[in-house]
Number of protein chains: 2
Amino acid sequence: MQRILNNPDNIVDEMLEGFLKTHKDIVSKTDNKRVVKARKIRDNKVGVVTGGGSGHKPAFIGYVGENMCDTAAVGEICSSPTAAAFLDAFKEADQGQGVACLYGNYSGDNMNVKMAVKMAKREGITVKTVVANDDVASAPKDQLEKRRGVAGEIFMWKAGGAKAALGGTLDEVIGAAQKAIDNTRSVGIGLTPCTLPAVGHPNFQIKEGTMEVGIGHHGEPGIEVCELETAKEMAKRMVDLVAADKPFEKGDEVAVLVSGLGATPVMELYVLYDEIDQLLEKRGIVTHRSYVGNYFTSLEMMGATLTIMKLDDELKELVDLPVETMGLTQK
Amino acid sequence: MQRILNNPDNIVDEMLEGFLKTHKDIVSKTDNKRVVKARKIRDNKVGVVTGGGSGHKPAFIGYVGENMCDTAAVGEICSSPTAAAFLDAFKEADQGQGVACLYGNYSGDNMNVKMAVKMAKREGITVKTVVANDDVASAPKDQLEKRRGVAGEIFMWKAGGAKAALGGTLDEVIGAAQKAIDNTRSVGIGLTPCTLPAVGHPNFQIKEGTMEVGIGHHGEPGIEVCELETAKEMAKRMVDLVAADKPFEKGDEVAVLVSGLGATPVMELYVLYDEIDQLLEKRGIVTHRSYVGNYFTSLEMMGATLTIMKLDDELKELVDLPVETMGLTQK
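Quick caveat, the model's predicted, so the values are computed rather than measured.

Student: Is there a simple way to explain the overall build of chain A in this structure?
Tutor: Each helix and strand counted, chain A has eight helices and 14 strands in total. Summarising its shape, the C-alpha atoms of chain A cover approximately 55 × 50 × 35 Å along the three principal directions. Summarising the internal contacts of chain A: among those between residues at least 6 apart in sequence, 72% fall at separations of at least 24. Side-chain charges in chain A split into 38 positive and 47 negative, and the spacing between the mean points of these groups amounts to 3 Å.

Student: Would you mind showing me how to read the pairing of strand β7 (residues 184-192) of chain B here?
Tutor: Along any regular strand the residues' side chains alternate between the sheet's two faces. All names here are of chain B. Of all nine residues that make up β7, nine are buried, and the element is covered over most of its length. Pairing of β7 with strand β12 (residues 302-310) involves eight bridges; the strand directions are antiparallel. When the bridges of β12 are listed, T184 appears paired with M309. Of the strand pairs in this sheet, β7 and strand β8 (residues 210-213) are connected by two bridges, and their pairing is antiparallel. Of the residues in β8, the one forming a bridge with G190 is E212.

Student: I would appreciate a short explanation of the pairing of strand β12 (residues 302-310) of chain A in the present structure.
Tutor: Residues and elements named next belong to chain A. Within β12, eight of the nine residues are buried, which leaves the element mostly enclosed by the surrounding structure. Two elements, strand β10 (residues 253-260) and β12, share seven bridges in a ladder whose sense is antiparallel. If you follow A255 over to β12, its bridge partner there is M309.

Student: Teacher, can you tell me more about the packing of helix α5 (residues 170-182) of chain A against helix α8 (residues 313-320) of chain A here?
Tutor: A pair of packed helices can be characterised by two numbers: the angle between their axes and the separation between those axes. Residues and elements named next belong to chain A. Two elements in contact, α5 and α8, have axes separated by 11 Å at closest approach and are oriented at 100°. Here α5 lies roughly perpendicular to α8, going by the angle between them. Side by side, α5 and α8 meet where A176, K179 and A180 of the first sit next to E314, L315 and L318 of the second. Along the lines of polarity and charge, the residues of the contact of α5 with α8 split into four nonpolar, no polar and two charged.

Student: Would you mind going over the packing of aromatic side chains with me for this structure?
Tutor: Think of a pair of aromatic rings as described by two things: how far the centres are apart, and how the planes are tilted against each other in angle. Residue and element names in this part refer to chain A. In the structure shown here, the tally under the stated rule is 14 aromatic pairs over all chains. With a centroid separation of 6.5 Å and an interplanar angle of 35°, the aromatic rings of F86 and F90 are classed as tilted. Of this pair, F86 and F90 are both found in helix α2 (residues 83-93), four residues apart, which corresponds to roughly one turn of the helix. Put simply, the rings of F60, Y63, W157 and F296 touch in pairs and so form one group of aromatic residues.

Student: What am I meant to see in the domain arrangement of chain A here?
Tutor: When the parts of a complex come together, some accessible area is lost, and that lost area is often taken as the interface size. Residues and elements named next belong to chain A. Per the domain assignment, the segments of chain A are domain 1 (10-182) and domain 2 (184-311). Interface of domain 1 and domain 2: buried area, both sides summed, is about 2500 Å²; carbon and sulfur atoms make up 63% of it. Among the residues of domain 1 in contact with domain 2, H56, V136 and F155 are the three that bury the most area, contributing 25% of the side total. Residue R147 is joined to D245 by a salt bridge in which the shortest nitrogen-to-oxygen separation is 2.7 Å. Secondary-structure elements contributing two or more residues to the side of domain 1 that touches domain 2 are α4 (152-165) and α5. Here the side of domain 1 that touches domain 2 gets five residues from one element, more than from any other, and that element is α4. Considering only residue class, the side of domain 1 that touches domain 2 consists of 17 nonpolar, three polar and eight charged.

Student: I tried to follow the relation of the copies chain B and chain A on my own but got confused; where do I start?
Tutor: Note that the two copies of the chain are related through a rotation about an axis and a translation along the same axis. Mapping chain B onto chain A leaves a residual RMSD of 0.0 Å; the transformation is a rotation of 180° accompanied by 0.0 Å of translation along its axis. The transformation just described matches what one would write down for a two-fold rotation axis. Scanning chain B for the C-alpha nearest the rotation axis identifies A263 of chain B, at a separation of 2.0 Å. The fraction of interface residues of chain B whose copies in chain A are also interface residues reaches 100%, indicating that both copies meet through the same surface.

Student: How should I be thinking about the environment of V130 of chain B in this particular structure?
Tutor: All names here are of chain B. With respect to the element layout, V130 can be found in strand β6 (residues 127-132). By relative accessible area, which is 1% here, V130 ends up buried. A C-alpha to C-alpha distance of 9.9 Å links V130 and V173, two positions 43 residues apart in sequence. With residues up to four places along the chain from it excluded, the contact list for V130 reads C101, L102, Y103, M156, I174, A177, Q178 and I181.

Student: Would you mind showing me how to read the sheet that holds strand β1 (residues 27-28) of chain A here?
Tutor: Residue and element names in this part refer to chain A. Pairing within the open sheet is mixed, and its six strands lie in the order β1-β2-β4-β3-β5-β6. Unpaired on one side and paired on the other, β1 and β6 (127-132) mark the two borders of the sheet. Here strand β3 (residues 47-54) runs beside strand β4 (residues 71-77); their pairing, made up of five bridges, is parallel. Residue pairing in the sheet places G52 in a bridge with V74 of β4. In this fold α5 packs onto β3, β5 (99-104) and β6, with an angle of close to 5° to the strand it touches most, β6.

Student: Before we go on, may I ask you to explain the interface of chain B and chain A in this structure?
Tutor: Facing 60 residues of chain B, the contacting portion of chain A comprises 60 residues. When chain B packs against chain A, close to 4900 Å² is buried across both sides, 59% of that on carbon and sulfur atoms. Area buried by chain B at its contact with chain A is led by Q2, I4 and M267 of chain B, which between them contribute 19% of it. Our enumeration of links across chain B and chain A arrives at 10 salt bridges. We note a salt bridge from D277 of chain B to K21 of chain A, for which the minimum N-O separation is 3.0 Å. Taken together, the connections running from chain B to chain A amount to 26 residue pairs in polar contact (both at pLDDT 80 or more). Listing elements by their share of the side of chain B that touches chain A, those giving two or more residues are α1 (11-22), β7, α6 (231-245), α7 (266-282), β11 (286-293) and β12 of chain B. If you tally residues by element for the side of chain B that touches chain A, the top one is α7 of chain B, at 11 residues. In the side of chain B that touches chain A, the residues fall into 27 nonpolar, 17 polar and 16 charged.

Student: Hey, could you run me through the packing of helix α6 (residues 231-245) of chain A against helix α7 (residues 266-282) of chain A in this one?
Tutor: All names here are of chain A. One way to put it is that α6 packs onto α7 with a least axis distance of 9 Å and a crossing angle of 50°. On the basis of the axis angle, α6 is oblique to α7. Relative to α7, the crossing made by α6 is right-handed. Contacts between α6 and α7 pair A231, K232, M234, A235, K236, M238 and V239 from the former with V271, L272, E275, I276, L279 and L280 from the latter. For the contact of α6 with α7, the residue count by class is 10 nonpolar, no polar and three charged.

Criteria and thresholds
For every chain, the first residue of the written sequence is number 1, and numbering continues from 1 along that sequence. Lettering for chains starts from A, numbering for ligands starts from 1, and both go in the order in which the items are written. The model is predicted, so local features are restricted to residues of pLDDT at least 70 and side-chain atom pairs to those at 80 or more, both for listing and for counting; the totals for chains, interfaces and linings are taken over all residues. Each side-chain value is derived from all of the structure's non-hydrogen atoms; neither hydrogens nor water enter the calculation. Helix and strand definitions follow DSSP, with helices as H or I runs of at least four residues and strands as E runs of at least two, each counted in order from the N terminus. Note on contacts: a residue pair is in contact if any heavy atoms of the two residues lie within 4.5 Å. Here the positive residues are Lys and Arg and the negative ones are Asp and Glu; neither His nor the chain ends is included. By convention, charge coordinates are those of NZ in Lys, CZ in Arg, CG in Asp, or CD in Glu. Per-residue accessibility, obtained with a 1.4 Å probe over protein chains only, is compared with the maximum for each type, and a residue is labelled buried under 20%, exposed over 50%, and partly exposed between these values. Criterion used throughout: strands pair if DSSP finds at least two bridges between them. The angle between two axes is taken between their N-to-C directions and runs from 0 to 180 degrees, where each axis is a line fitted to C-alpha atoms and a helix contributes only its stretch in contact. Working rule for angles: under 35 degrees goes down as roughly parallel, over 145 as roughly antiparallel, 65 to 115 as roughly perpendicular, anything else as oblique. In the scheme used here, Gly and all other residues not listed as nonpolar or charged are polar, with Ala, Val, Leu, Ile, Met, Phe, Trp, Tyr, Cys and Pro taken as nonpolar and Asp, Glu, Lys and Arg as charged. We call Phe, Tyr and Trp rings a pair once their centres come within 6.5 Å, taking the six-membered ring for Trp, and we label the pair stacked below 30 degrees between planes, edge-to-face above 60, and tilted otherwise. Note: domain ranges come from an automatic or database domain assignment. The quantity reported as buried area is the accessible area (1.4 Å probe) lost by two parts once they are put together, taken as the sum for both. Criterion for a salt bridge: a side-chain nitrogen of Lys or Arg within 4 Å of a carboxyl oxygen of Asp or Glu. In superposing the copies, a least-squares fit is computed on C-alpha atoms, taking residues whose pLDDT is at least 70 in both. Distance and chemistry together define a polar contact, namely a pair of N or O atoms within 3.5 Å, with one atom able to donate a hydrogen and the other to accept it when in protein, and with adjacent residues in sequence counting only for side-chain atoms on both sides. If you view the pair so one helix is near and one far, a crossing is left-handed when the near helix is turned anticlockwise from the far one by less than a right angle, and right-handed when it is turned clockwise.

Right, here's the structure in full:
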């Protein structure tokens, strides 16, 4: 395992030290060392909170900052933050206007967020939640509630964070975040597995010369293992899956996000995006804004995800609002 | 080779298509498809140009944008842009105030820049150059002219680009860029090799359980192959090499940049940075600003580089100036 580590058991704490030092203009520590807080939070606004396992940089702490998330609860690698961390993240974000907790659909996160919401209620803090479920490959369309949240969470945080920054009420923030994720679909293609530092070997395999369509961020099985395709073929497969599901149709205005899974060279993500863009144009789908880079990763996995969100005037305004975080800076 | 590609021979052109579409608010095409230009360039300023081989994203095109580079010439993977591309990059950047060409010390780039400078002169464009040579591992200190340019080029572009944006003359821009690189030292540690898409297999090896200290961005041999160390030990090795060379000493104010080589998970870069920061603090070296992320990569190589620049008041002002590029956005 060719990695940059001390004791793998301490990697999350050590990573947080380095992260907080580097981005001290954007984020700051809290009393709970597994809760990160935005340095500048507008007064009197609804709190916006997220959280999740580590190993997905920039997610989750990389989306804490002005006009996006106010706090994030930090879990171990690929596992949920504790209920106590979510509760402290709520407390740090609360300004008496309530808290929107925007997170991904994983069993550990669901359980811990639910517990934390109950605990917060007892302390007089109102928390409402939106659960991201944008991964089309993780369950059929009639079982949306079973789908996982993947890179579409970034659009959910962007919309919810912007709505809160613009002075939205808790219900408006929740409404915007829910609208964002309801209008978002994603799919991933995995080319290589990843290795958890404390394990030392990959806990799943992708055979050389094949690719796994629909793979999850923790190696959750996809819908098909097939021969490795060209960028053009991968793009077609991704656009077909995502567009058919929503569906995204001629005349739709969309935001598009292509994220690497960690180790795929960024130049290849641009090659893939160029193909995706051509396919969307052919379908008459209009790209309002696009993002290409490592926005939601899985350690050193190779591969990429495609995320598309259909926009209306409200979502367009929210997506376009400037933002400053480690993972996303937009003027 | 688990990569996202069409025909490997077309990867640079296809990457550029995707890059230009994604960042159309920052960059635009020119008549030469291997030259990228900033969308907004202040009037009547000195032109700032760079260029280099592809496969190092965000370098080089990722540093084109407001207050940094005006144009970049784009080469094939790991090989220099042509003299014609450099010449066109000069022409696009020239506003009658002269052009500063800030690039890295590689034989192909040296040759092609020199030819392009001569051709530009015949067309009435004055071009002066600064050649980055920040890699301490690539030659002894008494042979600075043999050293390669690595991630320290980012500080050179930042300083030169800022000086030009602030209205500096050609000599002032060249002076600032030269001062930046003269005050900058870097070293890299490689953990895995990388594979050129058109080749299909790594053209050098790093044995599992070992690491190569001082490796170059194209697999150029380092100064030592040793057993894989902990993050703490790697940090000590990097700080010792870099600090002894300048030297960086107690009381110095510095900018620090830790870049991944492509495939190392970003969380590990923060672990490494935390160790580096502790070592600098122990030495009484004061970090004015730090950058951690994938700023100068080598396809899917694993490992990291450390770059340190000693600051004076002028360099501090130049480093702190806001910038908006794909690779570096700073408010």
